[in-house]
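# Residue-level structural notes
What follows is each chain in one-letter form.
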Amino acid sequence: MEKQKILIADDEPEIREVLRMMLESEGYDIVEACNAQEAVDRTEGADLVILDILMPGESGIQACTKIREKSNVPILFLTAKSGEHDKVLGFSAGGDDYLVKPFSYMELLSRVKALIRRYRVYQKSEDKAEKMIFYRDLTIDTELQSVTDNGKRISLTEMEYQILLLLVSNPRKIFSVKEIYEQVWKEDFFPSSGNTVMVHIRNIRRKLEKEGEPYIQNVWGRGYCVN
């Protein structure tokens, strides 16, 4: 079986070495980068990117933005910062998860496995019988996991795509933030998870919605839906 490939981007050699030893012991194939540009250049073929935020020169946030221009690979941020503002920046740039240093081996491994598992599952069509979903000007190809607006390809991250697919597949059904998180992330909901969902929905709106034509409705006090 082909090994799953993980890119580790951190400017500290000691951290890269520790992460390499941890993840190689679990059977992963590891590629390293010591700065943001190397991370962007070495993303191709990766099943996961572990990206430090604070690096000399361009930051991990900037690297994430560039990676998102060409790939939907899951991105796990590593950082010494734990503030909500930093998390919002990371998610807004297209990050999928966030791990604050110092962290335990088991915590890292559980995040890595969950992100790669979801990425592999979402690469496949869950419903072969209905490959295409149409909503207003949008066409969602569930087999290719692609979204187009009047034929123009829209670049969404894995989580953004899954949120949009959930809502469009259930028109007029209102999903609470908790329901969206648990169905898309497939993890238990915590109070801080709500902000994660809201940032991803904000990103979807920015990429898809035209002036005066909101696709995703905010039902005050209840959640989100599409009509």
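Below: a short report on this structure. Model, not experiment: these values are computed from the prediction. (Residues numbered from 1 in each chain as written. Predicted model: local features only at pLDDT ≥ 70, side-chain atom pairs only at ≥ 80, totals over all residues. Heavy atoms only, no water.)

### Digging into the overall build of the chain
Put simply, the rule reads: Only runs of H or I of at least four residues qualify as helices and only runs of E of at least two qualify as strands under DSSP, and these elements are numbered from the N terminus. Two things to know: the radius of gyration comes from C-alpha atoms, and the globule rule equals 2.2 Å times the number of residues to the power 0.38. Exposed residues in this analysis have more than 50% of their type's maximum accessible area, buried residues have under 20%, and partly exposed residues fall in between, with area computed by a 1.4 Å probe over protein chains only. Should any heavy atoms of two residues lie within 4.5 Å, those residues are counted as being in contact. All accessible areas in this document rest on Shrake-Rupley with a 1.4 Å probe, and a residue is counted as covered only by the protein chains that are shown.
Regarding its fold elements, the chain presents 8 helices and 11 strands. For 227 residues, the compact-globule estimate of 2.2 N^0.38 gives 17 Å, and the chain sits close to it at 18 Å. A burial count over the chain gives 48% of its 227 residues as buried. When contacts within the chain are restricted to residue pairs at least 6 apart in sequence, those whose partners lie at least 24 apart make up 56%. In the form shown here, the chain has an accessible surface area of approximately 11,400 Å², with 51% of it arising from carbon and sulfur atoms.

### Digging into the side chain of Glu160
Here is the rule we go by: Under this definition, polar contacts are N or O atom pairs within 3.5 Å; protein pairs additionally need one hydrogen-donor-capable and one acceptor-capable atom, and for neighbouring residues in sequence, both atoms have to be side-chain atoms.
Mapped onto the secondary structure, Glu160 falls in helix α6 (residues 158-168). The exposure class assigned to Glu160 is buried, which follows from its relative accessible area of 1%. Reaching out from Glu160, the side chain makes a polar contact with the side chain of Lys207 at a distance of 2.7 Å. Glu160 has contacts with Ser155, His200, Asn203, Ile204 and Lys207, leaving out every residue within four places of it along the chain.

### Quick look at the packing of aromatic side chains
Stated precisely, the cut-off is as follows: Put simply, two rings from Phe, Tyr or Trp (the six-membered ring, in Trp's case) pair if the centres are within 6.5 Å, and we call them stacked under 30 degrees between planes, edge-to-face over 60, tilted for the rest.
Per the counting criterion, the structure on display carries 3 aromatic pairs. On the numbers, 5.0 Å between centres and 10° between planes, the contact of Tyr181 with Trp185 is stacked. Overall, the relative accessible area of 8% leaves Tyr181 in the buried class. For Trp185, a relative accessible area of 3% puts it in the buried group. Among the aromatic residues, those joined into a cluster by ring pairs are Tyr181, Trp185 and Phe189.

### Considerations on the sheet that holds strand β8 (residues 146-149)
To keep things clear, this is the line we draw: Note on pairing: DSSP must find at least two bridges between two strands before they are called paired. Helix axes are fitted only over the stretch in contact, all axes being lines through C-alpha atoms; the angle between N-to-C directions runs from 0 to 180 degrees.
Here we have 4 strands laid out as an open sheet, ordered β6-β7-β8-β9, and antiparallel in their pairing. Sheet topology places β6 (132-135) and β9 (152-154) at the edges, where each strand pairs with a single neighbour. Geometrically, the sheet is characterised by an average inter-axis angle of 25° between neighbouring strands, direction not taken into account. Taken together, the 3 bridges between β8 and β9 define a ladder with antiparallel strand orientation. In the strand pairing of β9, Val147 is matched with Ile154.

### Section: helix α8 (residues 193-208)
Defined as follows: A helix is expected to span 1.5 Å multiplied by its residue count minus one.
Taking 1.5 Å per residue, 16 residues should reach 22 Å; α8 reaches 23 Å between its end C-alpha atoms and fits that length. Turning to α8, its buried residues number three or more, namely Ser193, Gly194, Thr196, Val197, Val199, His200, Ile201, Asn203, Ile204 and Leu208.

### Considering the pattern of salt bridges
Formally: Throughout this description, the term salt bridge denotes a Lys or Arg side-chain nitrogen within 4 Å of a carboxyl oxygen of Asp or Glu.
Throughout the structure, instances matching the rule amount to 12 salt bridges. Note that Glu58 and Lys66 form a salt bridge whose closest N and O atoms lie 2.8 Å from each other. With relative accessibility at 26%, the residue Glu58 sits in the partly exposed group. Across the pair Glu160 and Lys207 runs a salt bridge whose closest N-O atoms are separated by 2.7 Å. Within this pair, whereas Glu160 is found in helix α6, its partner Lys207 is found in helix α8, the two being separated by 47 residues in sequence. For Lys207, a relative accessible area of 28% translates into the label partly exposed. Each of Arg16, Arg20, Glu24 and Glu32 takes part in salt bridges that share partners, so that together they form one network.

### With respect to the packing of α6 against helix α7 (residues 177-184)
The condition that has to hold: Geometric relationships in this document are graded by angle, where less than 35 degrees denotes roughly parallel, more than 145 denotes roughly antiparallel, 65 to 115 denotes roughly perpendicular, and other angles denote oblique. Each helix crossing is assigned a hand: it is left-handed if the near helix lies turned anticlockwise from the far helix by less than a right angle, otherwise right-handed if that turn is clockwise. Any residue outside Ala, Val, Leu, Ile, Met, Phe, Trp, Tyr, Cys, Pro, Asp, Glu, Lys and Arg is labelled polar, Gly included; the first ten of those are nonpolar and the last four are charged.
Packing of α6 against α7 brings their axes to within 10 Å, and their N-to-C directions diverge by 120°. By the angle between their axes, α6 is oblique relative to α7. Every pair of crossing elements has a handedness; the one defined by α6 and α7 is right-handed. Contacts between α6 and α7 pair Met159, Gln162, Ile163 and Leu166 from the former with Ile180, Gln183 and Val184 from the latter. Each residue belonging to the contact of α6 with α7 can be placed in one class, and the counts come to 5 nonpolar, 2 polar and no charged.

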